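# Fold and geometry: a report
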Amino acid sequence: MRNTLLTISLFIFSISSYGQEFVNGNIITQRYDTIANVKIETINNAKSLLHLTYIDADGNQQKPDIESIKSYTRGNENFTRIYNNGDMVMVKQITAGKKLNLYERNYNGVTVFYVEKIFDEIIKVPSSGSKYHKILGDFLSDAPEISKKIKSKELQDLQEIVELYNKG
C-alpha cells in the first residue's frame with residue numbers, strides 16, 4: 001500500500017512539473033538591472049501580477065519577490081509596474097500607443113483597467129456606466145470629438161477608444 005501511494009505521488013508530481021511551460025523573456029529589476037534571455041513560467045494573468053518564476057542561464061529556477069521587479073516580458077506579453085494614487089501596482093499592458101497606453105489588472109476576480117497618457121497622467125477606469133463616461137471623457141478632453149462621443153455613450157469599448165485616440 002505504501003509503495004502504491006509513493007508511486008501515485010511521484011506520478012502526480014511528474015505530471016505537474018512537465019505541465020509547466022516556460023517562454024523566452026526579459027526582466028528589469030527595480031534597480032534597472034536587466035536579466036536578459038531567460039525562460040519565464042507561463043501562468044494566468046492574475047498570478048503573473050503576483051508571482052514570477054524563471055530559469056536563469058545556469059538552468060536554476062529563480063523566484064524573485066515580485067516587488068523587486070520593475071517590468072518583464074514573457075513572449076509577446078508585457079507586465080509592468082505603474083504608479084497610481086500613491087500605490088505601485090503590477091499590470092499587464094494591453095495596448096502600447098504613441099499617445100495612450102492601456103493596462104489591465106485582475107484582482108480577486110475583478111478586472112480593472114488603467115489608461116495612461118504617455119509622459120503624463122494615469123487613471124483607473126471606473127467600472128460603473130455613468131462614472132465611466134464622465135471620467136474617461138474628461139480625461140481625454142484634449143481630443144474633443146472622442147471626448148464628446150464617450151460622454152454621449154456613442155463610444156463605449158475601451159480598446160476602441162484607446163486606438164482612436166492614438167490615431168488622432
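Described in the following lines is the structure provided in the data block. Along each chain, the written sequence defines residue order, and numbers are assigned to residues from 1. Restriction of local features to residues with pLDDT of at least 70 applies here, the model being predicted, together with a cutoff of 80 or more for giving and counting side-chain atom pairs; totals for whole chains, interfaces and linings are based on all residues. Values reported for side chains reflect all heavy atoms of the structure, with hydrogen atoms and water molecules removed beforehand.

A positive phi angle is found at tyrosine 32, which is not glycine, with a value near 65°. Position of tyrosine 32 relative to the elements: it lies in the loop between strand 1 (22–29) and strand 2 (34–41). Accessibility expressed as a relative area gives 60% for tyrosine 32, which makes it exposed. Starting at the N terminus, helices and strands are each numbered in turn, a helix being any DSSP run of H or I of at least four residues and a strand any DSSP run of E of at least two. Each residue gets one of three labels from its accessible area relative to the maximum for its type: buried under 20%, exposed over 50%, partly exposed in between, using a 1.4 Å probe on protein chains only.

With antiparallel pairing, the 10 strands of this open sheet are ordered in space as 4-3-2-1-5-6-7-8-9-10. The open sheet has two edge strands with one neighbour each: strand 4 (61–62) and strand 10 (122–125). Pairing between two strands requires that DSSP report at least two bridges joining them. As judged from the four bridges shared by strand 7 (residues 87–96) and strand 8 (residues 100–107), these two strands associate in the antiparallel manner. The residue of strand 8 that forms the bridge with lysine 92 is glutamate 104. Contact definition: two residues touch when any of their heavy atoms are within 4.5 Å. Interaxial angles span 0 to 180 degrees and are taken between N-to-C directions of axes, which are lines fitted to C-alpha atoms, for helices over the stretch in contact. Packing of helix 3 (residues 129–139) onto the sheet brings it into contact with strand 8, strand 9 (110–117) and strand 10, and relative to strand 10 it is tilted by some 165°. Docked against the sheet, helix 5 (residues 158–167) engages strand 7, strand 8, strand 9 and strand 10, running at close to 160° with respect to strand 8.

Let's shift gears to the pairing of strand 8. Counting buried positions along strand 8 gives six out of eight residues, so the element sits mostly inside the fold. The loop that links strand 7 with its antiparallel partner strand 8 comprises three residues. Of the pairings in the sheet, the one linking strand 8 to strand 9 comprises eight bridges and is antiparallel in character. Bridge pairing in strand 9 places leucine 100 opposite lysine 117. Remark: two residues form the turn of the hairpin made by strand 8 and strand 9, two consecutive strands paired antiparallel; asparagine 108 in that turn has positive phi of roughly 50°.

We call a set of buried Ala, Val, Leu, Ile, Met, Phe, Trp, Tyr and Cys residues a nonpolar core when their side-chain atoms join them within 4.5 Å. Of all hydrophobic cores here, the largest spans 17 residues; its most connected members are Val115, Leu136, Leu140 and Ile161. Ranked by residue count, the leading element in this core is helix 5, at four residues. When sequence neighbours within four positions are dropped, the list of residues in contact with leucine 136 reads Val115, Ile123, Lys131, Ile150, Leu158 and Ile161. Grouped together as the second largest cluster of nonpolar side chains are 11 residues, Leu49, Leu52, Ile69 and Tyr72 included.

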